[in-house]
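Listed below, chain by chain, are the residues.
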Amino acid sequence: MGERIEWYLEYEIQHNRPGLLGDISSLLGMLSINIVTINGVEDSRRGMLLLCDNGEQVNRLKSILDTMDTITVTKLRRPKLRDRLAVRHGRYIHSDVDDKKTFRFVRDELGLLVDFMAELFMKKGHKLIGIRGMPRVGKTESIVAASVCANKRWLFVSSTLLKQTIRSQLIKDEYNSDNLFIIDGIVSTKRANEKHWQLVREIMRIPSVKVVEHPDIFVQQTEYNLEDFDYIIELRNSDDEEIVYQMEDQSDFSRDNGFSMFDF
């Protein structure tokens, strides 16, 4: 017997009668399809990670489910990252309608955000990720938490997490492609010198994960543009919060009342 294959099934409940889940579970059992994980996702929808031997089982499952008037199958496919996280957390990651690489979160979804970023951080090679959000919404803390989950060493190239950090060089072992580099676009743009920007360009050439806070400000100062980013993450306190930048008042984006600059 060959390796078993994972599939993601999601359906919307049209008529939630008693025993509906049991009927579907029994159907999966008769088709020799195992349920790996199950959870409710997005209101009246339920998602399942399934394990089966071949695609023929899935085709038979789909044809039978399509005859049921109590549910409507919304997804039946090989699982994507968003599918796995939806089942794990019971809610979907929302992407921008017009820009599919932009993903939106609110503050009460920090657990989902950390899990999502950790999965991205574990991917090998160059990955440029931007994260937008107002001060103190949890951007840097989420990046660090995701780095821990992904077992990555994180390095602040520029930051205001504790005190303002602006680095102009790395030590030898920090050039490791397994490291994760964090850049604050506002700090780098408003406070850094040319040595810092030389370092940023060096880091961009390392085949590793780079996370840029405030990417819209970052691209104004550099030769990079938003199309160079693989993912853009937006983090808000609430769904209707507008992300705005007040560059004339840099202190709004600092954790301190003043600046204590560290050059390494």
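Residues numbered from 1 in each chain as written. Predicted model: local features only at pLDDT ≥ 70, side-chain atom pairs only at ≥ 80, totals over all residues. Heavy atoms only, no water.

### Observations concerning the overall build of the protein
Scanning the protein for helices and strands turns up eight helices and 13 strands. With respect to the principal axes defined by its C-alpha atoms, the protein has extents near 65 × 45 × 30 Å. Within the protein, the fraction of its 264 residues that count as buried is 47%. Considering only contacts in the protein between residues 6 or more positions apart, those separated by 24 or more positions represent 73%. About 13200 Å² of surface is accessible on the protein, with carbon and sulfur atoms providing 46% of the total. Within the protein, the 42 negative side-chain charges are centred at a point lying 4 Å from the centre of the 37 positive side-chain charges. (Helix = DSSP H or I, 4+ residues; strand = E, 2+ residues; numbered from the N terminus. Buried < 20%, exposed > 50% of the residue type's maximum accessible area, 1.4 Å probe, protein only. Contact = heavy atoms within 4.5 Å. Areas by Shrake-Rupley, 256 points an atom, 1.4 Å probe, with all protein chains shown as cover. Lys, Arg positive; Asp, Glu negative; His and termini not counted. Charge placed at Lys NZ, Arg CZ, Asp CG, Glu CD.)

### Examining the packing of aromatic side chains
Working definition: an aromatic ring pair is given by the centre-to-centre distance plus the angle between the planes. Inspection of the entire model under this criterion finds six aromatic pairs. Seen from their ring centres, Phe-105 and Phe-116 are 5.8 Å apart, and the 35° between their planes marks the pair as tilted. Taken together, the residues span a long stretch of sequence, with Phe-105 in strand β6 (residues 102-106) and Phe-116 in helix α4 (residues 110-121) at a distance of eleven residues. Each of the two residues, Phe-105 as well as Phe-116, counts as buried. Taken together through their ring pairs, the aromatic side chains of Phe-103, Phe-105, Phe-116 and Tyr-231 make up a single cluster. (Phe/Tyr/Trp six-rings, centres within 6.5 Å; stacked < 30°, edge-to-face > 60°.)

### Some points on the layout of surface pockets
Space inside the largest pocket adds up to approximately 170 Å³. Around the largest pocket, the lining residues are His-94, Arg-104, Phe-105, Val-106, Glu-109, Arg-236 and Asp-239. The element contributing the most residues to the lining of the largest pocket is β6, with three residues. Its residues placed into classes, the lining of the largest pocket shows two nonpolar, one polar and four charged. (1 Å grid on protein atoms, 1.4 Å probe; cavity = no way out; pocket = protein on both sides within 12 Å on 5 of 7 lines; lining within 4 Å. Points joined across faces, edges and corners; volume = space filled by probe spheres on them. Nonpolar A, V, L, I, M, F, W, Y, C, P; charged D, E, K, R; others polar.)

### With respect to the pattern of salt bridges
The full count for this structure, using the stated rule, is 22 salt bridges. For the salt bridge of Arg-91 with Glu-109, the shortest nitrogen-to-oxygen distance reads 3.5 Å. A residue pair is termed long-range when its members are at least 10 positions apart, and Arg-91 in the loop between α3 (81-89) and β5 (94-95) and Glu-109 in the loop between β6 and α4 qualify at 18 residues. Looking at Arg-91, the relative accessible area reads 30%, which means it is partly exposed. The partner of Arg-153 in a salt bridge is Asp-173, with the nearest N and O atoms 3.4 Å apart. In this pair, Arg-153 sits in the loop between α5 (139-149) and β8 (154-156) while Asp-173 sits in the loop between β10 (165-166) and β11 (180-184), placing the two residues 20 residues apart along the sequence. Where salt bridges share partners, they join Arg-104, Arg-132, Asp-216, Glu-234 and Arg-236 into one cluster. (Salt bridge = Lys/Arg side-chain N within 4 Å of Asp/Glu carboxyl O.)

### Points about the packing of α4 against α5
Look at α4 against α5: their axes get within 8 Å of each other, and the N-to-C directions meet at 55°. Accordingly, the angle class assigned to the pair α4 and α5 is oblique. Relative to α5, α4 is oriented so that their crossing is right-handed. In this structure, α4 uses Leu-110, Leu-113, Val-114, Met-117, Ala-118 and Phe-121 to contact α5, whose residues at the interface are Ser-142, Ile-143, Ala-145, Ala-146, Ser-147 and Cys-149. Residue composition of the contact of α4 with α5, by class: ten nonpolar, two polar and no charged. (Axes fitted to C-alpha atoms, helices over the stretch in contact; angles between N-to-C directions. Parallel < 35°, antiparallel > 145°, perpendicular 65-115°, else oblique. Left-handed = near helix turned anticlockwise from the far one by under 90°.)

### Here we look at unusual backbone geometry
In this model, Asn-151 sits at a positive phi of 60°, which is unusual for a non-glycine residue. Tracing the sequence through the fold places Asn-151 in the loop between α5 and β8. Positive phi is not limited to glycine here, since His-214 has a value of about 60°. Within the secondary structure, His-214 sits in the loop between β12 (209-213) and α8 (215-221). The exposure class assigned to His-214 is buried, which follows from its relative accessible area of 2%.

### Here we look at the confidence of the model for the protein
Summarising the model, the protein shows a mean pLDDT of 88, and 91% of its residues fall at 70 or more. Within the model, the stretch residues 248-264 combines pLDDT values under 50 with 45 contacts to residues more than four positions away or in other chains. (pLDDT = per-residue confidence, 0-100.)

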